[in-house]
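Listed below are the residues making up each chain.
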Amino acid sequence: MRIAILALQGAFEEHKQMLERLGVESVLIRNLHDWHQPFGGLILPGGESTAMMRVMKDEALFEPIRKAIIDGLPVFGTCAGMILLDDQHLGCMDITVKRNAYGRQLGSFQTIYNIKGIGDVPMVFIRAPYIERCGEGVEVLSTLDGHVVAARQQNMLACSFHPELTEDTRIHEYWLSTINGKH
Ligand code: GLN
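Residues numbered from 1 in each chain as written. Predicted model: local features only at pLDDT ≥ 70, side-chain atom pairs only at ≥ 80, totals over all residues. Heavy atoms only, no water.

Draft legend 1. Representation of the packing of aromatic side chains in the model. Following the criterion strictly, the structure yields seven aromatic pairs and no others. Seen from their ring centres, F76 and W175 are 5.7 Å apart, and the 35 degrees between their planes marks the pair as tilted. Residue F76 is located in strand 4 (residues 75-78), and its partner W175 is located in helix 6 (residues 170-179); the two are separated by 99 residues in the primary sequence. Judged by its relative accessible area of 1%, W175 is buried. Geometrically, the ring pair formed by Y102 and F125 is edge-to-face, given 5.7 Å between the ring centres and 65 degrees between the ring planes. One end of the pair, Y102, is in the loop between strand 5 (95-98) and strand 6 (108-115); the other, F125, is in strand 7 (residues 119-126), and 23 residues separate them in sequence. Summarising the burial analysis for this pair, Y102 and F125 share the class buried. Aromatic ring contacts, followed pair by pair, group Y102, F109, F125, Y130 and F161 into a single cluster. (Phe/Tyr/Trp six-rings, centres within 6.5 Å; stacked < 30°, edge-to-face > 60°. Helix = DSSP H or I, 4+ residues; strand = E, 2+ residues; numbered from the N terminus. Buried < 20%, exposed > 50% of the residue type's maximum accessible area, 1.4 Å probe, protein only.)

See the structure below:
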């Protein structure tokens, strides 16, 4: 299976390396030409959601990405990638995300915490968002200090933190297993 990684800005290279460690081929998506390759899932990385929104629109990628996800393409959004999935951006996942939710003082921090179905994992938060509203079809996978930091809905998985910046491959493996129908 090949996985596409949106590579307009942000931490796409780290996701690519994570997939390499798992023996999974990836393709970087920078424009519409790249988009028209075969792949079985899409990663929306962390970075700056406003910049990614702008470039997605400039490159005419916004609508094709939105449509593909709504049509069932498996997608994994991390940090800014989670913001992109919410009802204010791509409008694919029935969640509302609060950007820069931890304020300046707590802008970046790390912890080890539980994700349903996976266990305790290291979580790296960098000017991170959290989910402030989940619709009915959304399954909460992790709530840290009262705030939802990981959730899934149908073909979509999202988390507030950066699993690609750790050595722990389990969240990527979990997402890949959902594509293969094992979860
Ligand atoms: N603060 C960024 C945003 O609002 C997200 C930060 C991140 O992806 N690490 O888009």
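Next, the rest of the story.
Draft legend 2. Summary view of the pairing of strand 4. Across the two faces of strand 4 the burial is the same, with V75 and G77 and F76 and T78 all buried. One ladder, built from three bridges, connects strand 3 (residues 41-44) with strand 4; its direction is parallel. Considered in strand 4, the bridge of L42 is made with V75. Alignment of strand 4 against strand 11 (residues 156-159), held across four bridges, turns out to be parallel. Note on strand 11: the bridge partner recorded for F76 is L157. (Pairing = 2+ DSSP bridges.)

Shape descriptors only; they carry no functional weight alone.
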